[in-house]
Amino acid sequence: MATDPKFVRFLVLFNRDRDYYECHDVMEELWLEEGRSRFWQGLLQVAVGLHHYENDNYTGAVKLLRAALEKLDGYADAEAGIDVKRLREDAAAVLAPLEAWLAEGSGGHPPEPEPIEIRVIDPQLAGLVAAETARPHGDQPRADGE
């Protein structure tokens, strides 16, 4: 499952391209195929939360990042070849200042989120991600492997 081409593609879109909308589409396919697991949904929601943040939908970003943290909370620190503990910490670090800003009445500029990278800790998955990352942006295979 961790070496599924869709998961590899999701990681490249998330980490290299920061294309949260496209990686959400890829993860949604995987989530549906894999029986709608809470883990995949948590990853999906992190991407959607960051997409909302980029598009100034701060309330939507808070809602999705909170939901993602709730979903990912019950999982081991390492799951599916990634560092889930760090992802939870990074998502919480993005969420906290945004929640505080909204609670203060949203005056001034919203906080700039720190970039999040999903750290790959499985060597086999890391190799697949590196190979996919090395391809030029326009030369990506479809997420279904074709």
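See above for the structure.
As the structure is a computational prediction, the values presented were derived from the model and not from experiment.

1. Brief notes about helix H6 (residues 123–134)
Here comes step 1: Across its 12 residues, H6 extends 16 Å between first and last C-alpha, which sits within 8% of the 16 Å expected from 1.5 Å per residue.
Here comes step 2: Those residues of H6 not exposed but buried are Leu125, Val129 and Glu132. Buried residues of H6 fall within an arc of 65° about the axis and therefore sit on the same side. Among the exposed residues of H6, those oriented more than 90 degrees off its buried face are Pro123, Gln124 and Ala134.
Here comes step 3: Among the residues of H6, the N-terminal cap falls to Asp122, whose side-chain oxygen and the backbone nitrogen of Gln124 are separated by 3.2 Å.

2. What to know about the nonpolar core
Here comes step 1: Within the largest apolar cluster, 43 residues are counted, with the highest numbers of intra-cluster contacts made by Phe7, Phe10, Leu11, Phe14, Leu43 and Ile82.
Here comes step 2: Secondary-structure elements contributing two or more residues to this core are helix H1 (5–17), helix H2 (20–33), helix H3 (38–54), helix H4 (58–72), helix H5 (84–103) and H6.
Here comes step 3: For this core, the element with the most residues is H3, which contributes nine residues.
Here comes step 4: In contact with Phe14, not counting residues within four places along its chain, are Tyr20, Cys23, Val46, Ala47, Leu50, Ile116, Glu117 and Ile118.

What counts, and at which threshold
Residues numbered from 1 in each chain as written. Predicted model: local features only at pLDDT ≥ 70, side-chain atom pairs only at ≥ 80, totals over all residues. Heavy atoms only, no water. Helix = DSSP H or I, 4+ residues; strand = E, 2+ residues; numbered from the N terminus. Expected span 1.5 Å × (residues − 1). Buried < 20%, exposed > 50% of the residue type's maximum accessible area, 1.4 Å probe, protein only. Arc of directions from axis to C-beta. Polar contact = N/O pair within 3.5 Å; in protein donor to acceptor, adjacent residues only side chain to side chain. Core = buried A, V, L, I, M, F, W, Y, C linked by side-chain atoms within 4.5 Å. Contact = heavy atoms within 4.5 Å.

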